[in-house]
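Analysis of the macromolecular model
Take a look at the letters that make up each chain.
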Amino acid sequence: MFYDQLGSGESSRPDDSALWTVEIFLEQLQSVRHGLGLDELHLFGSSWGGMLALEYAFTKPPGLKSLILNSTPTSAPRWAEETLRLHADLPPGLDEKQAEEEFKRRHIIRLDPEPEVLARARAKFGTQVYETMWGPNEFTVTGTLKGWDVIGLLGEIEVPTLITSGRYDECTPKLVGPLQEGIEGSEWVAFEESAHMAYLEEPERYLQIVGGFLDRVEGLAQPPPG
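Here we summarise the structure given alongside this text. The structure displayed is predicted, hence computed values, not measured ones.

1. Digging into helix H1 (residues 22-36)
Over its 15 residues, H1 extends 21 Å from the first C-alpha to the last, a length consistent with the 21 Å expected when each residue adds 1.5 Å. Of all the positions in H1, only Val22, Phe25, Leu26, Gln28, Leu29 and Arg33 are classed as buried. Across the axial projection of H1, the buried residues extend over an arc of 155°, all falling on one side. Summarising the geometry of H1, the exposed residues directed more than 90 degrees from the buried face are Glu23, His34 and Gly35. In this fold, the buried residues of H1 make contact with strand E1 (41-46), helix H2 (48-58), strand E2 (64-70) and helix H6 (127-133). Glycine 37 sits one or two residues past H1 and shows a positive phi near 65°.

In structure tokens:
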């Protein structure tokens, strides 16, 4: 099950920057879960969605069986350092728009043309939320999340966790490493042909990896024979 967060997709788009806080998005997640009657769930989040999934896991919600975190930051300041490093490696002479497009091609999604499903999502993208919480682009972190850092809290997560990222990902190994090290027993799978969206860039393998992880988690949840 997927849902459109407030301010994006088919959901309402209130013009109120005071709404764009982690706490509001946590309330939305809790409301969706309650409304669907999900007593137990496996929670998937990608990028910002993974940040939200981490925040939700820190609340120790009952019935959370596992986390699947794709290209998920644990520290906005570290993210800013790494993406600025990647940005510095772009070809010289690009204007601002060209630099953003080249960065996207290298480190966000390497498919050309991009999948139709992504084009549809971009058409419904809410820029106010992104710019308020993050900044004008991926490598300029100036929003309300600019000081967000949960590395010291990762040891509190006790559910099985799968971490995925791409070889060319803006979420570099320097950023993913603390996530895998901080969550005891977590698994980290790298996708060699992908950037930030391995689920679109290598969908068959992605589904295989996630499916295998969920099968293992569900197996652990089964009572012993006899």
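So much for the structure itself; the text now carries on.
2. Observations regarding the side chain of serine 47
By secondary structure assignment, the location of serine 47 is in the loop between E1 and H2. On the accessibility criterion, serine 47 (17% relative accessible area) is buried. A distance of 2.9 Å separates the side chain of serine 47 from the side chain of histidine 196, its partner in a polar contact. Discounting residues that sit within four places of it in the chain, serine 47 has contacts with Asn70, Ser71, Thr72, Pro73 and His196.

Conventions used here
Residues numbered from 1 in each chain as written. Predicted model: local features only at pLDDT ≥ 70, side-chain atom pairs only at ≥ 80, totals over all residues. Heavy atoms only, no water. Helix = DSSP H or I, 4+ residues; strand = E, 2+ residues; numbered from the N terminus. Expected span 1.5 Å × (residues − 1). Buried < 20%, exposed > 50% of the residue type's maximum accessible area, 1.4 Å probe, protein only. Arc of directions from axis to C-beta. Contact = heavy atoms within 4.5 Å. Polar contact = N/O pair within 3.5 Å; in protein donor to acceptor, adjacent residues only side chain to side chain.

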